Structure formats: C-alpha cells, structure tokens
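Structure at a glance
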Amino acid sequence: MLQACMSSAPIPAWSARWAHLDRSGGCYDKGMRESKPEEAAGVVIAIDGPAGAGKSTVARELARRLGMGYLDTGAMYRALTLEAMRRRMDLDDAPALSSLAATMNLDIAYVPGESPPHRVLVDGEDVTAAVRTREVSAHVSQVSSHAEVRAEMVRKQRALARGRDVVVEGRDVGTVVFPRAPVKFFVTASVAERARRRHEEMAKEGYEVSLEAVRQDMVRRDHMDATREVNPLRRAPDAEVVDTTGMSVSQVVDGLLARVEQKLGKRDGGT
Ligand code: DC
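Residues numbered from 1 in each chain as written. Predicted model: local features only at pLDDT ≥ 70, side-chain atom pairs only at ≥ 80, totals over all residues. Heavy atoms only, no water.

Here we look at unusual backbone geometry
At the junction of Ser115 and Pro116, the peptide bond is cis and its omega measures out at -5° in the coordinates. Among the structural elements, Pro116 can be located in the loop between β4 (106–110) and β5 (118–122). In this structure, Arg88 takes a positive phi of about 55° despite not being glycine. In this structure, Arg88 sits in the loop between α4 (73–86) and α5 (94–103). The phi torsion at Asp123 lies on the positive side, around 55°, for a residue other than glycine. Here Asp123 is to be found in the loop between β5 and β6 (125–126). (Helix = DSSP H or I, 4+ residues; strand = E, 2+ residues; numbered from the N terminus.)

Here you go:
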C-alpha cells in the first residue's frame, strides 16, 4: 500500500489505488512542508453547494467524463464524526476533535467505475456505508463547525489533491481549500427539490421517514452550514451558480463540461 508514496518517480496519476492520508510514509506531508499546498496542486475543479443539490452525482460524473480524480470532502468530515461518536467523545470539544482528526488513521481510496467511486477507511475498516447513516448525518454539522477541526481537514484535503487533477466537492472548496481553483461551480436546487431527492434516496436505503421530516432536517442543516462562524457555506465570488432544479444529471454534466472546456481547453478524459 505504500508503494506509490515510496517510489522516487513523480506521483502517478490518481487512479484505482489507495490514496494515503496518515499512513503515507510522509509522502504527501513531505510535499506540504516543501511548498505551499495549493501552489503544488494540479488542476482542481471545485464544486460546492448545499446538501441534496445533486452535487455528488454531478461531481462524480464530471470526474469520470474528464478522467480526473474525485475527492468528497464531506466523507472526510463524516468519517471523523463517526470515529468521534464511536469513542463517545464530546462533540463540542474542539481541541480533542482536532487532535483526533490529526492522528486518526483515515484513508480515502478512489475507485473509479464503482458506486460510490471511493472507499472510506478508518483504521483499515471500510466505513463507506457507515458514514452515511442518519446518526452520523445528524451530528456532522456540529463536528465540522469547529475551527481547529476544519484547519486540520483543509490541510489533509490539500495534501490529497497535491499534484493531481481532481474534482473536489464540499462546502468551502472554492472559498477556502482551493481559492485559486481555475474552475468553480456552486451547485444548488430549490429546498423542495432537494428534500424530495434526499427522501427518495433514503427510501431506497430502507429508511421510513416523512418528506416533511427530511425537508425540516435539510433546512436545519443548511442553516447550520451557512451560519457557522468558520468557513460557512457560501458561493465563491468567481464560482458559477448551477441550479439543478428540474434538470437531469446528464443535462447538468453536459453544461459543466462545456464550461470546463471553455476555461481549460479540451481535456483528454474518459468516455
Ligand atoms: O456533503 P455531505 O452532506 O456528505 O457533508 C456532510 C457534512 O459535512 C455537512 O453537514 C457539511 C459538512 N462539510 C463541511 O462542513 N465542509 C465540507 N467541505 C464538506 C462537508
């Protein structure tokens, strides 16, 4: 698992292999000490927006079509929340949570072609599904509201993207993590549409919950994400707003691809 990092060759294109955070043998950390992380990044396409706007679906499809890597920063906050809950930590204890973020064994593996196209691992355990439960969803805004926690996560996110062409999705990617990303989108949709999509998703996963409860939860999370003091959800001034209300995934992705092409030129990507 450490082969890619231990090699003296240039960091290979991000593909179906484990991307290391804490067990990288110093590979990414070394790079981070040597230069400013953002300057060392490859091409980053930043995709931010509220929950349920269809951000993940379009970000993944965009990455696939462009043959780029993909990083879901929300999954990282979710993994931290899961681990903190398992350890029965106080979710308001910012120093303890940020120390956990700095030391926990968190790996994100990009596995193109699979759904979802990544695996989230904590101490080698695959928690990809566990980070998406309602319990984690209910507490992740609280955990991600702490400045120290966010600073640590931003550091990790930059390290992961370093030297790679990658589509990065989250809430503060275009504003804080990669403010100089050459392409930024702010993907949104009406609250009614976002609640409807999330409700449908949850029903498929076997959760019996009313549409109104999902809508209320969404409004609550939106509020917390948008009003927290540190790195709130907001559109970067240079991000293009994409309203996906009433649009199909392929309509949205075609539109994004056209904009990427305008900004970066034609890219040699997937099919
Ligand atoms: O995208 P998601 O719903 O999986 O994100 C989970 C939570 O993490 C969400 O409440 C907001 C938070 N988050 C954040 O604060 N910053 C990010 N860059 C990504 C997610």
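A short note on helix α10 (residues 211–227)
Here α10 is 17 residues long and its end C-alpha atoms lie 24 Å apart, about the 24 Å a rise of 1.5 Å per residue gives. Within α10, burial applies to Val214, Met218, Arg221, Asp222 and Asp225. When α10 is viewed along its axis, its buried side chains cluster within an angular range of 105° and face the same direction. Where α10 is buried, its residues contact α4, α6 (134–143) and α9 (191–204). (Expected span 1.5 Å × (residues − 1). Buried < 20%, exposed > 50% of the residue type's maximum accessible area, 1.4 Å probe, protein only. Arc of directions from axis to C-beta. Contact = heavy atoms within 4.5 Å.)

Digging into the sheet that holds strand β7 (residues 166–170)
With parallel pairing, 5 strands are arranged side by side in an open sheet as β3-β7-β2-β8-β9. Single-partner strands in this sheet number two, and they are β3 (69–72) and β9 (240–243). The sheet shows a mean angle of 20° between the axes of neighbouring strands, taken without regard to direction. Sheet analysis places β3 next to β7, joined by 4 bridges and oriented parallel. Its bridge partner lying in β7, Tyr70 is registered against Val167. (Pairing = 2+ DSSP bridges. Axes fitted to C-alpha atoms, helices over the stretch in contact; angles between N-to-C directions.)

So, the pairing of strand β8 (residues 183–188)
Burial analysis of β8 places 6 of its 6 residues in the buried class, which makes it a mostly covered element. Pairing of strand β2 (residues 44–48) with β8 involves 4 bridges; the strand directions are parallel. Bridge assignment links Asp48 to a residue of β8, and that residue is Phe186. Bridging between β8 and β9 involves 4 bridges; their strand directions are parallel. Bridge pairing in β9 places Phe185 opposite Glu240.

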